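Architecture at a glance
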Amino acid sequence: MDFRGAHIISVQQFERPDVERIFAVADSMEPFARRTQVSKALDGAILGNMFFEPSTRTRVSFGCAFNMLGGAVRETAEIGASSITKGESLYDTARVISGYSDVIVMRHPRTGSVAEFATASRVPVINGGDGVNEHPSQALLDLYTIRKELESQQAGIDGMRIGMVGDLKHGRTVHSLSRLLLLYRNIRFNLISPRQLRMPGEIVAELRAAGHSVNETEDMAEGLHDNDTVYLTRIQEERFESRLEADLYRGRFRLNRAIYTRHCQPNTVIMHPLPRDTRAGANELDEDLNQHPNLAIFRQTDNGVLVRMALFALVLDVVEAVARQARAANWFTGRRFD
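To keep things clear, this report deals only with the structure shown in the data block. (Residues numbered from 1 in each chain as written. Predicted model: local features only at pLDDT ≥ 70, side-chain atom pairs only at ≥ 80, totals over all residues. Heavy atoms only, no water.)

Some words on the packing of aromatic side chains
If you walk through the whole model with that rule in mind, you get four aromatic pairs. Of note, Arg 308 hangs over the ring of Phe 62, and the distance from its end group to the ring centre comes to 4.7 Å. (Phe/Tyr/Trp six-rings, centres within 6.5 Å; stacked < 30°, edge-to-face > 60°. Lys NZ or Arg CZ within 6 Å of the ring centre and 35° of its normal.)

Structural notes on unusual backbone geometry
Across the junction of Leu 274 and Pro 275, the peptide omega takes the value 5°, indicating a cis bond. Its place among the elements puts Pro 275 in the loop between β10 (269-271) and α12 (297-315). One non-glycine residue, Arg 35, lies in positive phi territory at about 65°. Structurally, Arg 35 is set in the loop between α2 (30-33) and β1 (37-38). You will see that Gln 154, though not glycine, has its phi angle at about 60°, which is positive. Mapped onto the fold, Gln 154 is located in the loop between α6 (136-151) and β6 (161-165). Classification of Gln 154 by relative accessible area gives exposed; the value is 71%. (Helix = DSSP H or I, 4+ residues; strand = E, 2+ residues; numbered from the N terminus. Buried < 20%, exposed > 50% of the residue type's maximum accessible area, 1.4 Å probe, protein only.)

Observations concerning the nonpolar core
Core analysis: the largest hydrophobic core is formed by 67 residues, its most contacted members being Ile 22, Met 164 and Phe 312. If you tally residues by element for this core, the top one is α12, at 10 residues. Those residues in contact with Ile 22 that sit more than four places away from it in its chain are Phe 3, Phe 14, Leu 140, Val 307, Ala 310, Leu 311 and Leu 314. Among the nonpolar cores identified, the runner-up in size contains 17 residues, and Ile 192, Phe 253, Ile 259 and Tyr 260 belong to it. (Core = buried A, V, L, I, M, F, W, Y, C linked by side-chain atoms within 4.5 Å. Contact = heavy atoms within 4.5 Å.)

Re the pairing of strand β5 (residues 125-130)
Judged by how many residues are buried, β5 sits mostly within the fold: six of six residues are covered. Summarising the sheet, strand β4 (residues 103-108) and β5 pair through four bridges and their orientation is parallel. Along β5, the bridge assignment pairs His 108 with Asp 130. With helix α5 (residues 113-120) bridging β4 and its parallel neighbour β5, the resulting β-α-β unit is right-handed. (Pairing = 2+ DSSP bridges. Right-handed = clockwise from strand over helix to strand, strands pointing away.)

Some thoughts on the pattern of salt bridges
Scanning the model with the defined rule gives 15 salt bridges in all. The partner of Arg 161 in a salt bridge is Asp 226, with the nearest N and O atoms 2.3 Å apart. Within this pair, whereas Arg 161 is found in strand β6, its partner Asp 226 is found in the loop between α9 (220-224) and β9 (229-232), the two being separated by 65 residues in sequence. Since its relative accessible area comes to 23%, Arg 161 is described here as partly exposed. (Salt bridge = Lys/Arg side-chain N within 4 Å of Asp/Glu carboxyl O.)

Interpretation in functional terms is not warranted from these geometric data alone.
Right, dumping it as structure tokens:
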């Protein structure tokens, strides 16, 4: 695809060479993300960071990625702080905010809202999550992490085995990651969830039609066995009618050190899109795994900055300018990536 000036709304707009291009640019961003080098390729550019749903990592990660390329960030952090509460349409909001920005990242609780917003925007729009639908930058950073983790084991994405655990019905991260994996070959999916929270049927059908193997189970022990990667998700409480309904499923599928040792392969990579729910009734990913070498959740968050820097550089067409304007950082950066 032609990235210059493009909206990034869905993983379904990518072909495999597009993903490889994003990953190659993300690799080149590592000196800047590690703060050993500085570039001002986006000096003077403005990111409109519009988050109409709670977010920490995605919002801050996009903002940091833009800042690291020299740009400035303007934020709307909740619907209550915007004119949408006064009845303003997404069309009007898009027309106005795109006049103030060079690129916009948007998160919204309604499926399809970001695509609707993008049709009226005068600048590129990147989907930061729309309801239960998609989260394309998360899928990209997840796949980028999987690639790096498996490469360290002399393995690759084609032919890998992945277990997805938890609320697969409402989890937009697993929806987008599954659809991104349609671009690869011969993957075995173990989908572990309560029957009521299974992966949407249309996604399962797409995976099987692409030649992938899909096993759906409520048996945690069965599903965890023989995976290269296990990707856990929390119960998406905000997608249920009530907290009581969410509580019916909370804490049913947990991974701790003992379960990992008993049921997982020794090198199985542990992933989670965060936030993980560490409350006693949930605790889907136990803190007793915090020092485990195969726990990749914080490497995921670091990788998210690289991937989001790559998206900005590609969409705003500054990939070459980033390298050309690079200079050494003049502050202490030690231990940040220990």
